[in-house]
Amino acid sequence: MPAEQPIDDLLARLERERLAADRQYNDALTAVDRALQEPPALPDPPRAYDDSRLEPINQAWQILPDGPPPIDRSLKGRLRGLIWRLVGPPIGAQQRFNAEIVDHLNRNAAAHRELQQSASALLTAAGHQFASLARFESLLVQYLQTITAYVDTRDRRGGGDELRERVTLAEQRVLALKRELERRPASGSGAAASAASQSAAAAFTAPVDSLTYVGFEDRFRGSQDEIRTRVEDYLPILASASDVLDVGCGRGELLDLLRQHGVRARGVDVNDAMVELCRARGLEVDRDEALRYLERQPDGSIGGLIAIQVVEHFAPAYLLRVLETAHHKMRPGAPLVLETINPACWMAFFECYLRDVTHRQALHPDTLRYLVQTSGFTNVDVQFRSPISEADRLARISGAAEPTDDPRLAALVTAVNAHADTLNARLFSSMDYAVIARR
């Protein structure tokens, strides 16, 4: 089996191939540039046809406009007859010749004029065409000169997104490592190893690995602007509250929104990177798990609790303890909002729930509603969010296409539409839902 090519040799070979291709391209471009043509010098259009003498010729071609002289028996008449017999035939022949010449000139005058006009138009059109051809060749060379830069920028753009993501993640990991090293005591290597092993029990909770989940959220859940738009629906519920707790606050989109509307709120999250992002924007966020944080709070101190896309990360027993503890720590009448993925929707389950490896338990809307009720909350309601777009739902046969003359086809259309409605209701309904209740 051949030995693996060293990376330096591979890079050198690729650079030689690139330089050779550049030379070949530049040589071909130079040849095209040298082949540019100048428009040829065309003759001037012919002068206009001169027909100014046609009118005099048409008036002077008859030698004897009054015809032959009169001949009678008088002496002068007989003398005129003798002379006409001598000169009449040549004069008649000359007049017939004159007539043919004049007729020829008259019939060809229009053709001469049209020929001159056509020749002028042809020379003008040829001049325009030669100029256009020269301009096209010049633009073609300019276009070919831009190809190299265009291809280079396209190549850079092709890997730009991935490279940017890798560099960003690498920078974030370096900063996380730096912070982790600064937090570790100089002589606590054994304790640090023990803490690292404990944090490894939960996915993406270690200081460095937490950045991986930040990148996961950015790519698959949506940008911060998109999430801010989605959580705006909860503002009317929380607008009159105070001391709101955002459990699993993530990147802090809701906390930002509540701060802008004058609602005092704080957050808690187990992800180091998420906490650092929030604190960098001046948000009040603690790094802790939900249950432990709630247990430390005084009873009746929380004026509202919201958890967006969080409860599906909890094991069932842990979720029950969180709900029961939250009920004790919240004020009477305080709102509770729990948004999660709707596993009753086929598309949400397979497109969103299974994608995230940190998910622990899918919660049917009826199940979460029941758990909230049994924890002591009242006015429990389920609101479905993010409906599947019509483009992703099963299509019905439109009314315009329904047959009316064949009852069997009509029955088939009705059955197909009924099945489509049933499957859409079960498999393609809403991506998320929120359980909203009051303490």
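Note that the structure is predicted; figures quoted are calculated from it, not measured. Residue positions are counted from 1 within each chain, in the order its sequence is given. Restriction of local features to residues with pLDDT of at least 70 applies here, the model being predicted, together with a cutoff of 80 or more for giving and counting side-chain atom pairs; totals for whole chains, interfaces and linings are based on all residues. Only hydrogens and water are removed before side-chain values are computed, so all heavy atoms of the structure are retained for them.

Scanning the chain for helices and strands turns up 14 helices and seven strands. Two residues qualify as a contact provided that any one of their heavy atoms is within 4.5 Å of a heavy atom in the partner residue. Of all intrachain contacts in the chain linking residues separated by at least 6 positions in sequence, the fraction that spans at least 24 positions is 75%. Residue-level accessible areas treat just the shown protein chains as cover; the underlying method is Shrake-Rupley with a 1.4 Å probe. By element, 57% of the accessible surface of the chain is carried by carbon and sulfur atoms, the whole surface being about 27,800 Å². Numbered from the N terminus, helices here are DSSP runs of H or I no shorter than four residues, and strands are runs of E no shorter than two.

Our next topic: the packing of aromatic side chains. Each Phe, Tyr or Trp ring (for Trp, its six-membered ring) is paired with any other whose centre lies within 6.5 Å, and the angle between the two planes then decides the class: stacked below 30 degrees, edge-to-face above 60, tilted in between. Summed over the entire model, instances satisfying the criterion amount to three aromatic pairs. Centroid distance Phe314 to Tyr318: 5.0 Å. Interplanar angle 65 degrees. Geometry classified as edge-to-face. On the basis of relative accessibility, which here comes to 21%, the residue Tyr318 falls in the partly exposed class. Relative accessibility decides the category of a residue: with a 1.4 Å probe and only protein chains considered, values under 20% of the type maximum give buried, values over 50% give exposed, and everything between is partly exposed.

Another point: the sheet that holds strand E2 (residues 265-269). DSSP bridges decide pairing: two strands pair if at least two such bridges lie between them. Judged by pairing direction, the sheet is mixed, and its seven strands sit side by side in the order E3-E2-E1-E4-E5-E7-E6 without closing on themselves. A single partner strand is all that each edge strand has here, and the edge strands are strand E3 (285-287) and strand E6 (378-387). When the angles between neighbouring strand axes are averaged without regard to direction, this sheet yields 15 degrees. Pairing between E6 and strand E7 (residues 430-438): seven bridges, direction antiparallel. When the bridges of E7 are listed, Pro387 appears paired with Ser430. Lines fitted to C-alpha atoms define the axes here, with helix axes fitted over just the stretch in contact, and angles between the N-to-C directions of these axes take values from 0 to 180 degrees.

Counting 31 residues, the largest nonpolar core has Leu305, Leu338, Leu368 and Val372 as the members making the most contacts within it. Among all residues touching Leu368, those that are not within four sequence positions of it are Val311, Leu319, Leu338, Thr340, Leu363, Tyr433 and Val435. Core analysis: the next-biggest nonpolar cluster, separate from the first, contains 24 residues, Leu235, Val275, Cys278 and Ile436 among them. Here, the term nonpolar core denotes a set of buried Ala, Val, Leu, Ile, Met, Phe, Trp, Tyr and Cys residues that are joined through side-chain atoms within 4.5 Å.

Looking now at helix H9 (residues 272-280). In an α-helix, one full turn covers 3.6 residues, which means residues spaced three or four apart are oriented alike. Asp272, Ala273, Met274, Val275 and Cys278 are the residues of H9 that are buried. With a side-chain oxygen positioned 2.9 Å from the backbone nitrogen of Ala273, the residue opening H9 is Asn271. Immediately downstream of H9, the backbone of Gly282 shows phi near 80 degrees, a positive value. Polar contact is defined as a pair of N or O atoms within 3.5 Å, subject to the rule that within protein one atom must be able to donate a hydrogen and the other to accept it, and that residues adjacent in sequence are counted only when both atoms are side-chain atoms.

One side-chain nitrogen of Lys or Arg within 4 Å of one carboxyl oxygen of Asp or Glu is enough to make a salt bridge. Tallied over the full model, the rule gives 22 salt bridges. Glu284 is the salt-bridge partner of Arg264, the closest N and O atoms lying 3.9 Å from each other. Of this pair, Arg264 sits in the loop between helix H8 (253-260) and E2 while Glu284 sits in the loop between H9 and E3, and the two are 20 residues apart along the sequence. With relative accessibility at 46%, the residue Arg264 sits in the partly exposed group. For Glu289, the salt bridge goes to Arg292, with nearest N and O atoms at 3.9 Å. Each of Arg230, Asp233, Glu339, Arg385 and Asp432 takes part in one network of salt bridges that share partners.

Among the seven residues in strand E5 (residues 335-341), seven count as buried, and that is most of the element. If you view a crossover with the strands going away from you and the path from the first strand over the helix to the second runs clockwise, you call it right-handed. In this view, the connection linking strand E4 (residues 304-308) to its parallel neighbour E5 by way of helix H11 (residues 316-329) has right-handed handedness. Here E5 pairs with E7 via seven bridges, running antiparallel. Residue Thr340 lies in a different strand from E7, and its bridge partner there is Tyr433.

The next subject is the environment of Val413. Relative to the helices and strands, Val413 is located in helix H14 (residues 407-427). Spatially, the C-alpha atom of Val413 lies 6.8 Å from that of Ile397, the residues being 16 residues apart in sequence.

This part is about empty space enclosed by the protein. Once rolled over the atoms, a probe with the size of a water molecule shows which space is left empty. Note on definitions: the grid is 1 Å and covers protein atoms alone; a cavity is a set of points where a 1.4 Å probe fits but cannot get out; a pocket is an open set with protein on both sides within 12 Å along at least five of seven lines; lining residues have an atom within 4 Å of a point. Grid points are joined across faces, edges and corners, and a volume is the space filled by probe spheres set on the points. Evaluation of the coordinates by the stated rule reveals two cavities of 30 Å³ or more. For the largest cavity, the lining is made up of 13 residues, of which Leu305, Val311, Val322, Leu323 and Leu338 are closest to its centre. When contributions to the lining of the largest cavity are tallied by element, the ones reaching two or more residues are E4, H11 and E5. Among the elements that line the lining of the largest cavity, the one with the most residues is H11, at four residues. For this classification, the nonpolar set comprises Ala, Val, Leu, Ile, Met, Phe, Trp, Tyr, Cys and Pro, the charged set comprises Asp, Glu, Lys and Arg, and every other residue, Gly included, is treated as polar. Residues belonging to the lining of the largest cavity are distributed by class as follows: 13 nonpolar, no polar and no charged.

Bringing the environment of Ile436 into the picture now. Take Ile436: it is sitting in strand E7. For Ile436, a relative accessible area of 11% corresponds to the buried category. Note: C-alpha distance between Ile436 and Asn379 (57 residues apart in sequence) is 7.8 Å. When sequence neighbours within four positions are dropped, the list of residues in contact with Ile436 reads Ile237, Leu336, Val337, Asn379, Val380, Asp381 and Gln383.

Coordinates in, geometry out; function isn't part of it.
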